[in-house]
Amino acid sequence: MRKVITRAREDLSVIVERDPSIRTRAEALLHPALPALWTHRLAHALYTRGHRQLARILAYLARAVTGGIEIHPGATLGRRVFIDHGAAVVIGETARVGEDVTIFHQVTLGAVGWWRDGHRDPGARRHPVVGDRVVLGTNAIVLGPVTIGDDALVGAGSLVLGDVPSGARVMAPTAEIVRPLSPADREEADRPLSPADREEADRLLRALATSGCW
Ligand SMILES: CC(C)(COP(=O)(O)OP(=O)(O)OC[C@H]1O[C@@H](n2cnc3c(N)ncnc32)[C@H](O)[C@@H]1OP(=O)(O)O)[C@@H](O)C(=O)NCCC(=O)NCCS
Ligand SMILES: CC(=O)OC[C@H](N)C(=O)O
């Protein structure tokens, strides 16, 4: 029982440390990650002792109360794993998550698909292994039996299908920022074509049409 209380206090401290919006352990008690992590610990213990159905029921209940944190009871999670926000986090059956890992919402540690996994040896891993102190940004998707090395950072919105070395940073492309036109540029864009410009444009179009590239 002492061990359970120590781990619970540790989980609360981790929330206060890594979520600036939470100031006290009392506040951390209402963090959405807690029911997921605490239930998973129990579910995993039941699962490894062969009580698959009971473990499944617990995981099902945790998913319902956390807005969709779905951790398969077979997955292994290290100490001080922090799941921020939590909505729609999926961690597959053979995933292994190290210690001090931070996981934001909508992260998937999933399999590539049944068409691939059907060809693996029975019991073979089909989900990722995540090293210690890794950060998985929101919407990061890691598929297959790949390894994310210690201290790696997987940026928001990344799709990872291969191993990531320790300490590496994975960055998804960011959205293009289109700046508004300045009043002068807008005036230029709206200006009607002069007769000379129109003639030049017609000439270019005719040249294109007869070039065979059109
Ligand atoms: C796209 C997908 C179906 C490909 O599956 P696959 O069995 O690996 O298919 P293939 O072998 O035909 O394709 C692999 C190639 O596609 C590329 N690829 C895979 N997923 C891709 C994606 N989403 N976008 C772009 N390229 C992708 C791979 O890099 C690989 O390229 P390469 O051959 O140059 O190395 C799979 O990656 C996927 O997205 N599965 C969905 C599974 C899922 O959502 N799981 C979550 C479970 S919780
Ligand atoms: C999380 C995930 O990989 O789901 C896909 C499938 N249910 C499986 O366990 O392989």
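Remember, predicted model here, so these are calculated numbers, not experimental data. (Residues numbered from 1 in each chain as written. Chains lettered and ligands numbered in written order. Predicted model: local features only at pLDDT ≥ 70, side-chain atom pairs only at ≥ 80, totals over all residues. Heavy atoms only, no water.)

**Let's talk about the pattern of salt bridges**
Here comes step 1: The tally for this structure, following the rule as stated, stands at 14 salt bridges.
Here comes step 2: The salt bridge involving R80 is made with D100; its shortest N-O contact spans 2.7 Å. Within this pair, whereas R80 is found in the loop between β2 (76-77) and β3 (82-83), its partner D100 is found in the loop between β5 (96-97) and β6 (102-103), the two being separated by 20 residues in sequence.
Here comes step 3: Take D100: its relative accessible area is 23%, and that puts it in the partly exposed class.
Here comes step 4: The partner of D151 in a salt bridge is R133, with the nearest N and O atoms 2.7 Å apart. With D151 in the loop between β11 (147-148) and β12 (153-154) and R133 in the loop between β8 (129-130) and β9 (135-136), the pair connects residues that are 18 residues apart, well separated along the chain.
Here comes step 5: Note on D151: relative accessible area 39%, which makes it partly exposed.
Here comes step 6: Residue class for R133 comes out partly exposed when judged on its relative accessible area of 42%. (Salt bridge = Lys/Arg side-chain N within 4 Å of Asp/Glu carboxyl O. Helix = DSSP H or I, 4+ residues; strand = E, 2+ residues; numbered from the N terminus. Buried < 20%, exposed > 50% of the residue type's maximum accessible area, 1.4 Å probe, protein only.)

**Looking at the packing of aromatic side chains**
What describes a pair of aromatic rings is the distance from one ring centre to the other and the angle between the planes of the rings.
Here comes step 1: Overall, the coordinates contain 1 aromatic pair when judged by the stated rule.
Here comes step 2: Look at W114 and W115: their rings are 5.4 Å apart centre to centre, the planes differ by 85°, and that puts the pair in the edge-to-face class. (Phe/Tyr/Trp six-rings, centres within 6.5 Å; stacked < 30°, edge-to-face > 60°.)

**Observations concerning unusual backbone geometry**
Here comes step 1: With phi around 65°, H85 is a residue other than glycine that occupies positive phi space.
Here comes step 2: Position of H85 among the secondary structure elements: in the loop between β3 and β4 (90-91).
Here comes step 3: The phi angle at D151 is positive, at roughly 65°, despite the residue not being glycine.

**Thoughts on the site of ligand 2**
Here comes step 1: Taken together, V90, G92, G110, A111, R126 and H127 make up all the residues around ligand 2.
Here comes step 2: Between H127 and ligand 2, the recorded distance is 2.7 Å, taken from a side-chain N or O atom to an oxygen atom.
Here comes step 3: Across the complex, the protein chains shield 54% of the 290 Å² of accessible surface that ligand 2 would expose by itself.
Here comes step 4: Its residues assigned to classes, the shell around ligand 2 shows 2 nonpolar, 3 polar and 1 charged. (Near = heavy atom within 4 Å. Polar contact = N/O pair within 3.5 Å; in protein donor to acceptor, adjacent residues only side chain to side chain. Areas by Shrake-Rupley, 256 points an atom, 1.4 Å probe, with all protein chains shown as cover. Nonpolar A, V, L, I, M, F, W, Y, C, P; charged D, E, K, R; others polar.)

**Describing the site of ligand 1**
Here comes step 1: The environment of ligand 1 is formed by V90, T108, G110, A111, V112, W115, R116, L143, L159 and L161.
Here comes step 2: One nitrogen or oxygen atom from the main chain of A111 is found 2.9 Å from a nitrogen atom belonging to ligand 1.
Here comes step 3: In the model, an oxygen atom of ligand 1 is placed 2.9 Å from a nitrogen or oxygen of the R116 side chain.
Here comes step 4: Isolated, ligand 1 exposes 920 Å² of accessible area, and the fraction of that covered by the protein chains is 35%.

None of the figures reported here should be taken as evidence of function without further support.
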